[in-house]
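# A structural walkthrough
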Amino acid sequence: MDIILTGDRPTGRLHLGHYVGSLKRRVEMQNSGKYDKIYIMIADAQALTDNADNIDKVRNNIAEVALDYMSCGIDPKKATIFIQSQIPELFELTAYYMNLVTVSRVQRNPTVKNEIQMRGFKQSIPVGFFTYPISQAADITAFKANIVPVGEDQLPMLEQTREIVRSFNTIYKEVLVEPQAVLPDNAVCSRLPGLDGAAKMSKSLGNCIYLADSANDIKKKVQSMFTDQTHLHIEDHGHTENNPVFIYLDAFCKDEHFAAFLPTYANLDEMKAHYRRGGLGDGTVKKFLNEILQNELKPIRERREMLAQDVGEVFNILRQGSLASKAVAEQTLAEVKSAMGINYFKK
Ligand code: TRP
């Protein structure tokens, strides 16, 4: 059995970084027909671990994230989309798994360390936030998922999950499945930089192109992008590495885009060579990138607008997905409790 589970925290709309880093891949995996089950979780409870006083933000983004998924091609007939908080079994599993993990082990998690620093928690770390890697192990194991497509920053969570699985299976009984992470297949896609060249797109830095952005927003954002700061005149030698515009082209451009929008070049290598030797202006490069992004995002935006007309139906899909997921998690929890010998009333 090949079972996929993955998810996102609903703290904002999804952007191009999510799209190249995970959504595109998920859709390909879904359409390959190679997997027995695909679960995509909207991790609202995880989002609340550092948003206890910001419930509305999390609530309001549930439908947005579901719309982003479906507009990119996630098909609720092929993949089960559900809301984490609606599956109480996940929190029961978390409670038992907490006994298998030490405080010092959680403190060593580099992603959590980094997030604690970025959020400026200092000594005031919410306990729920501190322990979210353990709840993530529950998310994954409840569905006996063996494949977890995620970004690099999630590797420590997968490592923690595997350790929990091994301890559980050794102490009690072979019930849980060890998952593998599946990373994006190339470096550009693992981390798309922000429009300003910052390491990644992030809502708080205001350097994102969102899947829901209008054609005009996309155009303005592409025009505002950072390029090579040393390329002051068209005839100057340009640098294509560490140049956000060329990094985006690496992520999105295919040879056929040249035929369609810029027939002067046959492929990206030719265009890069021209930029390096001088004589190719940033305006031309940005115009080309804009055409490519418009072309990629237009069908997504149009589908999103159509689906957004019936938010009731979106919640209906989420409710059905949550019911189906709950049934699976119930089954795993029953096996877990039985393995632990705490199924006292079961005949
Ligand atoms: N931590 C993930 C994120 O940062 C979301 C998430 C929660 C997740 N539970 C998961 C991802 C289980 C993969 C598997 O967005």
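Bear in mind that the values here come from a model prediction, so they are computed numbers and not experimental data.

### Notes on the pairing of strand β1 (residues 3–8)
In terms of burial, β1 is a largely internal element, 5 of the 6 residues being buried. Relative to strand β2 (residues 37–42), β1 is paired through 6 bridges, and the arrangement is parallel. Across the sheet, residue Gly 7 finds its bridge partner in β2, namely Met 41. This β-α-β element, β1 to helix α1 (residues 16–32) to β2, shows right-handed connectivity.

### A look at the packing of helix α4 (residues 89–98) against helix α16 (residues 311–340)
Helices that pack against each other are described as a pair by the angle of their axes relative to one another and the distance between those axes. Contact geometry of α4 with α16 gives a least axis separation of 9 Å together with a crossing angle of 30°. Classed by the angle they form, the pair α4 and α16 counts as roughly parallel. Crossing hand, α4 versus α16: left-handed. Of α16, the residues touching α4 (which contributes Glu 89, Glu 92, Leu 93, Tyr 96 and Tyr 97) are Lys 326, Ala 329, Glu 330, Leu 333, Val 336, Lys 337 and Met 340. Residues belonging to the contact of α4 with α16 are distributed by class as follows: 7 nonpolar, no polar and 5 charged.

### Remarks on helix α3 (residues 55–72)
Between its terminal C-alpha atoms α3 stretches 26 Å, which fits the 26 Å expected from 18 residues at 1.5 Å a residue. For α3, the tally of buried residues reaches 13 of 18 residues, placing the bulk of the element in the interior. One or two positions beyond α3, positive phi appears at Gly 73, with a value near 120°.

Analysis parameters
The numbers attached to residues start from 1 for each chain and follow its sequence in the written order. Whole-chain, interface and lining totals are the exception, using all residues; otherwise, since this is a predicted model, local features are given only for residues with pLDDT of at least 70 and side-chain atom pairs are given and counted only at 80 or more. Only hydrogens and water are set aside when side-chain values are computed; all heavy atoms of the structure are taken into account. Type-normalised accessible area, obtained with a 1.4 Å probe on protein chains alone, sets the label of each residue: buried when under 20%, exposed when over 50%, and partly exposed for intermediate values. Only DSSP runs of H or I covering at least 4 residues are called helices, and only runs of E covering at least 2 are called strands; the numbering of each starts at the N terminus. Between any two strands, pairing holds if DSSP finds at least two bridges. Here the term right-handed applies to a crossover when the path leading from its first strand over the helix to its second strand runs clockwise, the strands being oriented away from the viewer. Interaxial angles span 0 to 180 degrees and are taken between N-to-C directions of axes, which are lines fitted to C-alpha atoms, for helices over the stretch in contact. Roughly parallel covers angles under 35 degrees, roughly antiparallel covers those over 145, roughly perpendicular covers 65 to 115, and oblique covers all other angles. Should the near helix be turned anticlockwise from the far one by less than a right angle, the crossing is left-handed, and should it be turned clockwise, the crossing is right-handed. Any two residues whose heavy atoms approach within 4.5 Å are treated as being in contact. Just so you know the grouping, Ala, Val, Leu, Ile, Met, Phe, Trp, Tyr, Cys and Pro go in nonpolar, Asp, Glu, Lys and Arg go in charged, and all remaining residues, Gly too, go in polar. For a helix, the expected span equals 1.5 Å multiplied by the number of residues minus one.

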